[in-house]
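If you want the building blocks of each chain, they are given just below.
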Amino acid sequence: MSLEVQTVINQAHEQPIICVALNKLRRELYSGSQDSLIKVWDSDTGKLVRTQKGHKGWVSDLLFIPYAKFLFSSSVDGNIVVWSDRGKELQTVDFGGAVFCMAWNPKRSTLAAGGNMMVSVYRMHRPDPYDLNNAIKSTFNKAEGDSLKILKHLVTIQSHTDL
């Protein structure tokens, strides 16, 4: 089996691309870069669909979870951001230091994030459809702490000596 180039996107970001993820449901490709942006591309045509701004440092990893329709992004700014599949920022989680990588366990609905000499595990809770719809329509007020609690912290392992 050989790979074939389907689409080439030139000059996608102003800084080097660090990570990519694919949303097969919407035929979209996500790219994260040192420019702190997530860009969403039509995977068939290579055209820019939207730009998502939510990080203040390099975007270090991206994970799209198809059944939940959420994109998780991590950054060296110390945050993990949960996005709707339409680009709405739903939750920002403070990791406590730069986040370099993430992994998803579909059986337990858990997200593991690594960086800053630690690994933290979060359980994903699917919000009530009414609350999710309101958040996507921007009726939640982040200043009043109304953001959805999609990721809930379970445990943090400090350095490899704790294992």
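Everything that follows concerns the structure shown earlier in this document.
Presented here is an overview of the structure given in this document. Per chain, residue numbering runs from 1 following the sequence as it is written. In view of the model being predicted, local features appear only for residues whose pLDDT reaches at least 70, and side-chain atom pairs are presented and counted only at 80 or more, with totals across whole chains, interfaces and linings using the full set of residues. Heavy atoms throughout the structure, all of them, feed into the side-chain values; hydrogens and water do not.

Take the pairing of strand β11 (residues 118–124) next. The buried label applies to any residue whose accessible area, calculated with a 1.4 Å probe on protein chains only, is under 20% of its type's maximum; exposed applies above 50%, and partly exposed to all values in between. The numbering of helices and of strands both runs from the N terminus, where a helix is a DSSP run of H or I of at least 4 residues and a strand a run of E of at least 2. Most of β11 sits inside the fold, with five of its seven residues counted as buried. Pairs of strands are assigned from DSSP output, requiring at least two bridges between the strands. Taken together, strand β10 (residues 110–115) and the strand that follows it, β11, pair antiparallel across an intervening segment of two residues, in which Asn116 is found at a positive phi of about 55°.

With respect to the helices, strands and loops of the structure, Leu148 is situated in the loop between α1 (129–136) and β12 (151–158). For the pair formed by Leu148 and Thr92, sequence separation is 56 residues and the distance between their alpha carbons is 9.2 Å.

A few words on a nonpolar patch on the surface. In this scheme, patches are assembled from residues that exceed 30% relative accessible area and form no salt bridge. Like charges are connected within 9 Å, while nonpolar side chains (Val, Leu, Ile, Met, Phe, Trp, Tyr) are connected within 5 Å. With residues, only the protein chains shown are counted as cover, and all accessible areas are computed by Shrake-Rupley using a 1.4 Å probe. Within this document, salt bridges are pairs made up of a side-chain nitrogen of Lys or Arg and a carboxyl oxygen of Asp or Glu, the two lying within 4 Å of each other. On the surface, a cluster of nonpolar side chains totalling about 360 Å² of accessible area is made up of Ile18, Trp58, Val76 and Phe100. Exposure remark for Ile18: the relative accessible area of 37% places this residue in the partly exposed category.

Another point: the nonpolar core. In this description, a nonpolar core means a group of buried Ala, Val, Leu, Ile, Met, Phe, Trp, Tyr and Cys residues linked to one another through side-chain atoms lying within 4.5 Å. Ranked by size, the top nonpolar core spans 23 residues in total, and within it Phe70, Phe72, Ile80, Leu111, Met124 and Leu151 carry the most contacts. Contributions of two or more residues to this core are made by β5 (59–65), β6 (70–75), β7 (79–84), β8 (89–94), β9 (101–105), β10, β11 and α1. A total of three residues in this core trace back to one element, the largest contributor, which is β11. We call two residues in contact whenever any of their non-hydrogen atoms come within 4.5 Å of each other. Sequence-distant contacts of Phe72, that is, excluding residues within four places in its chain, are made with Asp61, Leu62, Leu63, Ile65, Val81, Val82, Met102, Trp104, Leu111, Met124 and Leu151. The next biggest cluster of nonpolar side chains, apart from the first, holds eleven residues, and it includes Tyr30, Leu62, Phe64 and Trp83.

Here, two cysteine sulfur atoms that lie within 2.5 Å of each other are counted as a disulfide. One pass over the full model with this rule turns up zero disulfides. The thiol of Cys19 is unpaired, and the distance to the nearest cysteine sulfur, on Cys101, comes to 11 Å.

Another point: the sheet that holds β5. The pairing of strands in a sheet comes from backbone hydrogen bonds and takes either a parallel or an antiparallel form. A sheet is described by the order of its strands in space; here four strands give the open sequence β5-β6-β7-β8, paired in antiparallel fashion. At either margin of the open sheet sits one strand with a lone partner, and together these are β5 and β8. Pairwise comparison of adjacent strand axes, ignoring direction, gives a mean angle of 15° for this sheet. Judged from the five bridges that link them, β6 and β7 form a sheet pairing that is antiparallel. Lines fitted to C-alpha atoms define the axes here, with helix axes fitted over just the stretch in contact, and angles between the N-to-C directions of these axes take values from 0 to 180 degrees.

A word on the pattern of salt bridges. This structure, assessed with the given rule, holds three salt bridges. For Arg27, the salt bridge goes to Asp44, with nearest N and O atoms at 3.4 Å. Separated by 17 residues along the polypeptide, Arg27 in the loop between β1 (17–23) and β2 (28–33) and Asp44 in the loop between β3 (37–42) and β4 (48–53) bring together distant segments of the chain. Residue classification places Asp44 among the partly exposed positions, given a relative accessible area of 38%. Its salt-bridge partner being Glu28, residue Arg50 comes within 3.6 Å of it at the nearest N-O pair. In this pair, Arg50 is assigned in strand β4 and Glu28 in strand β2, connecting sequence segments 22 residues apart. Considered together, Arg50 and Glu28 belong to a single accessibility category, that of buried residues. Residues participating in the shared-partner salt-bridge network are Arg26, Glu28 and Arg50.

With that settled, the discussion passes to the side chain of His55. Following the sequence through the fold, His55 ends up in the loop between β4 and β5. Residue classification places His55 among the buried positions, given a relative accessible area of 7%. Under the rule applied, a polar contact is a pair of N or O atoms within 3.5 Å (in protein, one hydrogen donor and one hydrogen acceptor; residues adjacent in sequence only if both atoms are side-chain atoms). A polar contact is formed between the side chain of His55 and the side chain of Ser73, at a distance of 2.7 Å.

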